[in-house]
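Now for the letters of each chain:
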Amino acid sequence: MTPVNQSPAVESVISLQDVGIRFRRNRRGRRNFKDLFGPRKRRSRPGEFWALQHITFTVQPGEAIGVVGRNGQGKSTLLKLVTGVVLPDEGTVHVTEGVAPLIEITGGFVDDLSVRDNVYLTAGLHGMTRKQVTARFDEIIEFAEIADFIDTPYKHLSSGMKVRIAFAVISRLEEPILLVDEVLAVGDKAFREKCYRRIEELLAGGRTLFIVSHNERDLRRFCTRGLYLDKGDLVLDGPLAEVLARYNTDYGVKPAV
Amino acid sequence: MGVSSSDFWHGSAPRSHTIDRVSSYAQVRPEQRTPIARYRHSLWLLTQRDLRVRYSTSVLGYFWSILDPLVMAGIYWFVFTQVFERSVGNDPYIVFLLSALLPWMWFTGAVSDCTRAFLREAKLIRSTRIPRTIWVNRLVLSKGIEFLAAIPVLVLFATLYGAELGVDAVLFPLAILLQAILTVGVGLLVAPLVVFFRDLERAVKLILRFLFYASPIIYGTTDLPPELHFWAAFNPLNGIFSLYRAAFFPEQLDWFAVMIAAVMSLVFLGLGLVVFRRTERAVLKEI
């Protein structure tokens, strides 16, 4: 379903059409060759459930969207679908611009390599050329505040430092779409604030933001639009305040009197 | 139900002011490269990483990759020239051995690494969206580079033992190409299936050990009994190794086996691509 009043000049950067994805409930469950190669049936088989189903929405460039919902309602899966690291079982996901995913950000880092090598590797895997990385290298290190550890093997960093350097790299990717999945729960308060400012700068620079968070304050800080996921359905798509209000009436704690 | 109301937002003013430190992405975003260039870039980065990790964490580094085939060649050389009376292969036997052992190391190394292609890199696969065939191809590539790096050893032994390099040495690149196709094909087949059937990891090890003796490594294609000749050709390694060996031992070249090997390699590649594509979706959920 396409938005009606859409101005023709602006093309959506993200568009999901009737997207569904299902997972096995029981990871150890038996699989057979027929399962793997058989046609993708729309019906879910016993032992499988739809993590998301019939999700349809579009995102315009520059929008900041917060995804809310309880644990296990498909928020992270939605981000992964947009990133393209999982593929939908039905429907189509269409993302026209590059994505800088702040999802499992430390995933690309190799324990045995130095911080320097890791920065080049991760930024390179996300599409940066060597020259571009070199141009931003100092900036990245400065942001992560680990100038003394450039040649230290990654495994010797503290877990806080690991996240800091990872965030510094991904947030310098200059991709038009930024996906944030609660990674910021780690790190000390000062660094978190720094990350938030960085995200705000990116937003001001015209990036599209997609953020999953349980922190209402964070959501209100960045987002204008909200998506409310519940039991695999997109229950509400509207202004953030409305979405939060609905979420709070459904599940929220009553504000203290 | 899906409620789409992005139209809701069109009233709001676009964020257009720019803060100095953030350049607008139109200017600096990763230059639009073709998908193929990006693929090559990522493939190369990961291969480099593989090699760097392997060599930065060990003292002997490069020597490990040639030590393994050298020790094996030494053992077979001892057993078949000093202990038993050898009736197979050509002289000098050590060159005969190495000319098939080195490519075998590439094949077996890459295929057994492929059994863990997804499992080992699960975190990275979950966080980047580079084309998934890279996870197989980079293993084949890094083992292939180690193979190329080990070729000087073959040359060294050939000069030491006075094996003559024939004109058929021009077939070497063809052998490498065929082997690359075959190895990628098998890798694409094995890598996703292991994710669902963990037993396959051990089965592959067993099959590889069997294949070592079923392929002309310690013997030559010509040493097989004539009635096995036709069937042995369906092991694509047969034709490929005969191409490698032709550089020093022209009589080892068997064009019939090479033709079959070429067809079989392409069949494996096609099969691998189909299986990989069909299972990709499920693999991504599983890891």
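From a predicted model like this one, the values you see are computed outputs, not experimental measurements.

**Concerning the sheet that holds strand β6 (residues 177-181) of chain A**
All names here are of chain A.
Part 1 of the reasoning: Pairing within the open sheet is mixed, and its six strands lie in the order β5-β6-β7-β3-β8-β9. The strands lining the two open edges of the sheet, one partner per strand, are β5 (99-102) and β9 (233-239). Averaged over neighbouring strand pairs, the angle between their axes works out to 15° when direction is ignored.
Part 2 of the reasoning: Where strand β3 (residues 64-68) lies against strand β7 (residues 208-212), four bridges are found, and the strand directions are parallel. Bridge pairing in β7 links G66 to I211.

**Looking at the nonpolar core**
Part 1 of the reasoning: Counting residues in hydrophobic clusters, the biggest one holds 142 residues, and the most contacted among them are V82 and L179 of chain A together with L97, V136, A191 and I240 of chain B.
Part 2 of the reasoning: At 14 residues, the largest contribution of residues to this core is made by helix α4 (residues 93-114) of chain B.
Part 3 of the reasoning: Counting contributing residues, this core receives three or more from each of domain 1 (14-95 + 214-249) and domain 2 (102-212) of chain A.
Part 4 of the reasoning: With near-sequence residues (within four places) excluded, V82 of chain A lies in contact with I14, V93, V95, V99, L179 and F210 of chain A.

**What about the pairing of β9 of chain A?**
In the case of a regular strand, side chains alternate between the two sheet surfaces.
Residue and element names in this part refer to chain A.
Part 1 of the reasoning: Relative to β9, strand β8 (residues 225-230) is paired through six bridges, and the arrangement is antiparallel. By the bridge assignment for β9, L227 is matched with D237.
Part 2 of the reasoning: Where β8 hands over to β9, the hairpin turn is made up of two residues, of which K231 adopts a positive phi near 50°.

**What about helix α3 (residues 115-125) of chain A?**
Part 1 of the reasoning: Of all 11 residues that make up α3 of chain A, 10 are buried, and the element is covered over most of its length.
Part 2 of the reasoning: For α3 of chain A, the set of buried residues is V115, D117, N118, V119, Y120, L121, T122, A123, G124 and L125 of chain A.
Part 3 of the reasoning: For α3 of chain A, the elements touching its buried residues are α4 (130-144) and α5 (159-170) of chain A together with α2 (35-56) of chain B.
Part 4 of the reasoning: Downstream of α3 of chain A by one or two residues, G127 of chain A has phi in the positive range, about 105°.

**Details of the packing of helix α7 (residues 134-160) of chain B against helix α8 (residues 172-196) of chain B**
Residues and elements named next belong to chain B.
Part 1 of the reasoning: As a packed pair, α7 and α8 sit with axes 9 Å apart at the nearest point and diverge in direction by 140°. Taken together, α7 and α8 sit at an angle that is classed as oblique. Judged by the sense of rotation from one axis to the other, the crossing of α7 with α8 is right-handed. Residues W135, V136, N137, L139, V140 and G144 of α7 pack against A180, T183, V184, G187, L188 and A191 of α8.
Part 2 of the reasoning: Partitioning the contact of α7 with α8 into residue classes produces eight nonpolar, four polar and no charged.

**Thoughts on the confidence of the model for chain A**
Part 1 of the reasoning: Looking at chain A, pLDDT values average 82 and 84% of them are 70 or higher.
Part 2 of the reasoning: Ignoring residues within four places in sequence, the model shows residues 1-9 of chain A, a span with pLDDT below 50, making 11 contacts including any to other chains.

**Some thoughts on helix α12 (residues 255-286) of chain B**
Part 1 of the reasoning: In a regular helix each residue adds 1.5 Å, so 32 residues correspond to 46 Å; α12 of chain B covers 43 Å between its end C-alpha atoms and thus fits that length.
Part 2 of the reasoning: Taken as a whole, α12 of chain B has its buried residues at A257, V258, A261, M264, S265, F268, L269, G272, F276, T279, V283 and L284 of chain B.

**Digging into the confidence of the model for chain B**
All names here are of chain B.
Part 1 of the reasoning: Averaged over all residues, the pLDDT of chain B equals 84, while 89% of them reach at least 70.
Part 2 of the reasoning: Here helix α1 (residues 25-28) stands out as the least confident element of chain B, with mean pLDDT 44; α8 is the most confident, with 95.
Part 3 of the reasoning: In the predicted structure, residues 1-30 sits below a pLDDT of 50 and forms 71 contacts with residues beyond four places in sequence or in another chain.
Part 4 of the reasoning: Prediction confidence for the complex, expressed as pTM and ipTM, is 0.83 and 0.79 respectively.

Conventions we followed
- Residues numbered from 1 in each chain as written.
- Chains lettered and ligands numbered in written order.
- Predicted model: local features only at pLDDT ≥ 70, side-chain atom pairs only at ≥ 80, totals over all residues.
- Pairing = 2+ DSSP bridges.
- Helix = DSSP H or I, 4+ residues; strand = E, 2+ residues; numbered from the N terminus.
- Axes fitted to C-alpha atoms, helices over the stretch in contact; angles between N-to-C directions.
- Core = buried A, V, L, I, M, F, W, Y, C linked by C-beta atoms within 7 Å.
- Buried ≥ 20, exposed ≤ 12 C-beta atoms within 10 Å, placed from the backbone.
- Domains from an automatic or database assignment.
- Contact = placed C-beta atoms within 7 Å.
- Parallel < 35°, antiparallel > 145°, perpendicular 65-115°, else oblique.
- Left-handed = near helix turned anticlockwise from the far one by under 90°.
- Nonpolar A, V, L, I, M, F, W, Y, C, P; charged D, E, K, R; others polar.
- pLDDT = per-residue confidence, 0-100.
- Expected span 1.5 Å × (residues − 1).

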